[in-house]
Amino acid sequence: NESRRAIRKKDAEPIGRRLRMIRLSRDISQAELADAIHFSRAHVNAVENDKSAASFQFMNNCAKFFDISLDEFTKPLPTVDPKTKQRFRERLSAISPYLREVDYEAMLETLEASYIAAQEEMRNT
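As the structure is a computational prediction, the values presented were derived from the model and not from experiment.

Visitor: Looking at this structure, I do not really get the overall build of the protein. What am I missing?
Guide: Within the protein one finds 6 helices and 0 strands. For the protein, buried positions account for 32% of its 125 residues. Once local pairs closer than 6 in sequence are excluded, the contacts in the protein between residues at least 24 apart make up 59%. As displayed, the protein has an accessible area near 8200 Å², and 53% of this comes from carbon and sulfur atoms.

So, in structure tokens, the structure goes:
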């Protein structure tokens, strides 16, 4: 059944990252999203981190919660110039040499989510 078919594994990462971006841009925690869509926080985390495929029901509930269409989850992610990304990492490592790669990625995703939120705000005004 099409409505119960899980999204293919190769598509899961971009969808999970896009979900995280949308969630962060709206300042919603994983727990808040999980409560609103009637899934566990662990499942939200697993989808965002490509550890679990997203079912149609999961994505449909997310789309309803965020009041967006399902195709918003498949739009390309904002791209960051690799040189800019590297300069960002170098500046952060100068401040704190103890950050891990995942820390840098989390910071970049938060910044990208803020960028998405700012774009949405500009469109709505």
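Text resumes after the structure shown.
Visitor: How should the side chain of N61 be read in this particular structure?
Guide: Along the chain, the position of N61 falls in helix 4 (residues 56-66). Within the structure, N61 has its side chain in polar contact with the side chain of Q57 (distance 2.6 Å). In contact with N61, other than residues within four places in its own chain, are I37 and F39.

Visitor: So what exactly am I meant to see when it comes to the nonpolar core here?
Guide: Among soluble globular proteins, nonpolar side chains are generally buried collectively. Core analysis: the biggest nonpolar cluster contains 17 residues, and L19, L33, F58, C62, F66 and F73 have the highest contact counts within it. Broken down by secondary-structure element, the contributors of at least two residues to this core are helix 1 (9-25), helix 2 (30-37), helix 3 (41-48) and helix 4. A total of 5 residues in this core trace back to one element, the largest contributor, which is helix 4. Dropping the residues within four chain positions of it, L19 is found in contact with L33, V47, E48, F58, C62, F66 and F73.

Visitor: Honestly, unusual backbone geometry in this entry has me stumped. Any pointers?
Guide: Most peptide bonds are trans, and most residues other than glycine sit at a negative phi. Residues other than glycine seldom take positive phi values, yet D27 does so here, at roughly 60°. Within the secondary structure, D27 is located in the loop between helix 1 and helix 2. For D67, which is not glycine, the phi torsion reads 55° and is therefore positive. Assignment of secondary structure puts D67 in the loop between helix 4 and helix 5 (82-95).

Visitor: So what exactly am I meant to see when it comes to the environment of L92 here?
Guide: Position of L92 relative to the elements: it lies in helix 5. Between the C-alpha atom of L92 and that of Y104, which follows or precedes it by 12 residues, the distance is 8.1 Å. Once residues within four sequence positions are removed from consideration, L92 is found in contact with L99, Y104 and M107.

Visitor: Looking at this structure, how should I read the environment of I22?
Guide: Mapping I22 onto the fold places it in helix 1. When the C-alpha positions of I22 and F66 are compared, they lie 8.2 Å apart, and in sequence the two are 44 residues distant.

Cut-offs applied
Within any chain, residue numbers begin from 1 and follow the written order of that chain's sequence. The predicted nature of this model means local features are confined to residues of pLDDT at least 70 and side-chain atom pairs, given and counted, to a pLDDT of 80 or more, with totals for whole chains, interfaces and linings taken over all residues. Working from all heavy atoms in the structure, the side-chain values ignore hydrogens and water. Put simply, DSSP marks the helices as runs of H or I at least four residues long and the strands as runs of E at least two long, and each gets a number from the N terminus on. Residue burial is assigned from relative accessible area. The probe radius is 1.4 Å, only protein chains are included, and a residue is buried under 20% of its type maximum, exposed over 50%, and partly exposed in between. Whether two residues touch is decided by their heavy atoms; if any such pair falls within 4.5 Å, the residues are in contact. Residue burial considers only the protein chains on display, and all accessible areas are found by Shrake-Rupley using a 1.4 Å probe. Throughout this description, a polar contact denotes any pair of N or O atoms lying within 3.5 Å of each other; where both atoms belong to protein, one of them has to be capable of donating a hydrogen while the other can accept it, and for residues adjacent in sequence the pair is counted only when both atoms sit in side chains. As used in this record, nonpolar core signifies buried Ala, Val, Leu, Ile, Met, Phe, Trp, Tyr and Cys residues forming a set joined through side-chain atoms within 4.5 Å.

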